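Notes for the structure review
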Amino acid sequence: MEIVLPVTDPNTVGNLIPQKKPFIMVDALFSWQETALKSGFTVPEEHVLVANGFFQASGVLEHQAQSVALHTGYQFYLKDEEPPVGYIGAIKTFEISALPAVGDKIETEVEILNEMMGVTLVRISSSVNGKEIATSEMKTVVK
């Protein structure tokens with residue numbers, strides 16, 4: 001199956017990452033470049049990390065990490081390989097100014113700062129309706 005960007009089918013996006021339901025926190029891949037990605041996630045009402053109508057900070061952080069996994073997964077798709085399992089190796093910074101509500105569409109931009117021997121250093125920014133709600137810098141590690 002050929003994937004043409006942008007991808008807004010959650011099942012197709014889900015096939016590009018190793019995570020499985022109920023822990024999938026990306027459902028759109030808007031753009032991909034060697035050193036960048038734009039992803040999205042619409043916060044569902046029945047998500048395990050929704051409390052009192054809001055997607056919790058841990059969910060936003062995991063969404064950001066899964067956006068990095070989506071970058072790697074799409075890269076492996078282009079090579080006709082399965083997406084690898086990865087982990088958050090270190091979180092340098094994480095700042096959140098607002099929690100997204102149920103139904104909000106989170107848009108996230110990932111900038112790959114450095115990638116070497118399975119370790120990726122990234123800068124990430126997430127927004128809702130054009131307003132930045134969270135930023136982070138982290139290292140992810142491919143198993």
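Structural data are supplied above this passage.
Anyway, here's the lowdown on the structure attached to this text. (Residues numbered from 1 in each chain as written. Predicted model: local features only at pLDDT ≥ 70, side-chain atom pairs only at ≥ 80, totals over all residues. Heavy atoms only, no water.)

If you look at the biggest cluster of nonpolar residues, it comprises 21 residues, and the most contacted ones within it are Leu29, Leu70, Val110 and Val122. Secondary structure elements with two or more residues in this core: strand 1 (28–33), helix 2 (57–78), strand 6 (105–116) and strand 7 (119–128). Excluding residues within four positions of it along the chain, Leu70 makes contact with Val13, Leu16, Ile17, Val26, Ala28, Leu29, Leu37 and Ser39. Judged by nonpolar contacts, the second largest core, of ten residues, contains Phe41, Val50, Val60 and Ile106. (Core = buried A, V, L, I, M, F, W, Y, C linked by side-chain atoms within 4.5 Å. Buried < 20%, exposed > 50% of the residue type's maximum accessible area, 1.4 Å probe, protein only. Helix = DSSP H or I, 4+ residues; strand = E, 2+ residues; numbered from the N terminus. Contact = heavy atoms within 4.5 Å.)

The omega torsion of the bond from Leu5 to Pro6 falls at 0°, within 30 degrees of zero and hence cis. Position of Pro6 relative to the elements: it lies in the segment before helix 1 (10–14). Cis geometry is adopted by the peptide bond preceding Pro22, which originates at Lys21 and carries an omega value of 5°. For Pro22, the position within the fold is in the loop between helix 1 and strand 1.

Okay, the side chain of Asp27 next. Tracing the backbone shows Asp27 in the loop between helix 1 and strand 1. One buried charged residue, Asp27, remains without a salt bridge, the closest side chain of opposite sign being Lys105 at 7.1 Å. Of the polar contacts made by the side chain of Asp27, one reaches the backbone nitrogen of Thr42; its length is 3.1 Å. Sequence-distant contacts of Asp27, that is, excluding residues within four places in its chain, are made with Val7, Thr8, Asp9, Pro10, Val13, Gly40, Phe41 and Thr42. (Lys, Arg positive; Asp, Glu negative; His and termini not counted. Salt bridge = Lys/Arg side-chain N within 4 Å of Asp/Glu carboxyl O. Polar contact = N/O pair within 3.5 Å; in protein donor to acceptor, adjacent residues only side chain to side chain.)

Now for the packing of aromatic side chains. This model, assessed by the stated rule, comprises three aromatic pairs. Ring geometry for Trp32 and Tyr74: centres 5.4 Å apart, planes at 55°, overall tilted. You can see Trp32 sitting in strand 1 and its partner Tyr74 sitting in helix 2, a full 42 residues away along the chain. Residue classification places Trp32 among the buried positions, given a relative accessible area of 15%. Taking the centre distance of 5.5 Å and the plane angle of 45° together, the rings of Phe41 and Phe55 count as tilted. Of this pair, Phe41 sits in strand 2 (residues 36–42) while Phe55 sits in strand 4 (residues 54–55), placing them 14 residues apart in sequence. Per residue, the accessibility class of Phe41 equals that of Phe55, and both read buried. Among the aromatic residues, those joined into a ring-pair cluster are Trp32, Tyr74 and Tyr77. One Lys or Arg, Lys79, reaches over the ring of Phe76 and ends 4.3 Å from the middle of that ring. (Phe/Tyr/Trp six-rings, centres within 6.5 Å; stacked < 30°, edge-to-face > 60°. Lys NZ or Arg CZ within 6 Å of the ring centre and 35° of its normal.)

Another aspect to go through is the pairing of strand 2. Here strand 1 runs beside strand 2; their pairing, made up of five bridges, is antiparallel. Each bridged residue has a counterpart across the sheet, and for Trp32 the counterpart in strand 2 is Leu37. The loop that links strand 1 with its antiparallel partner strand 2 comprises two residues. The pairing of strand 2 with strand 6 spans seven bridges and is antiparallel. Paired with Ser39 across the two strands is Thr108, which belongs to strand 6. (Pairing = 2+ DSSP bridges.)

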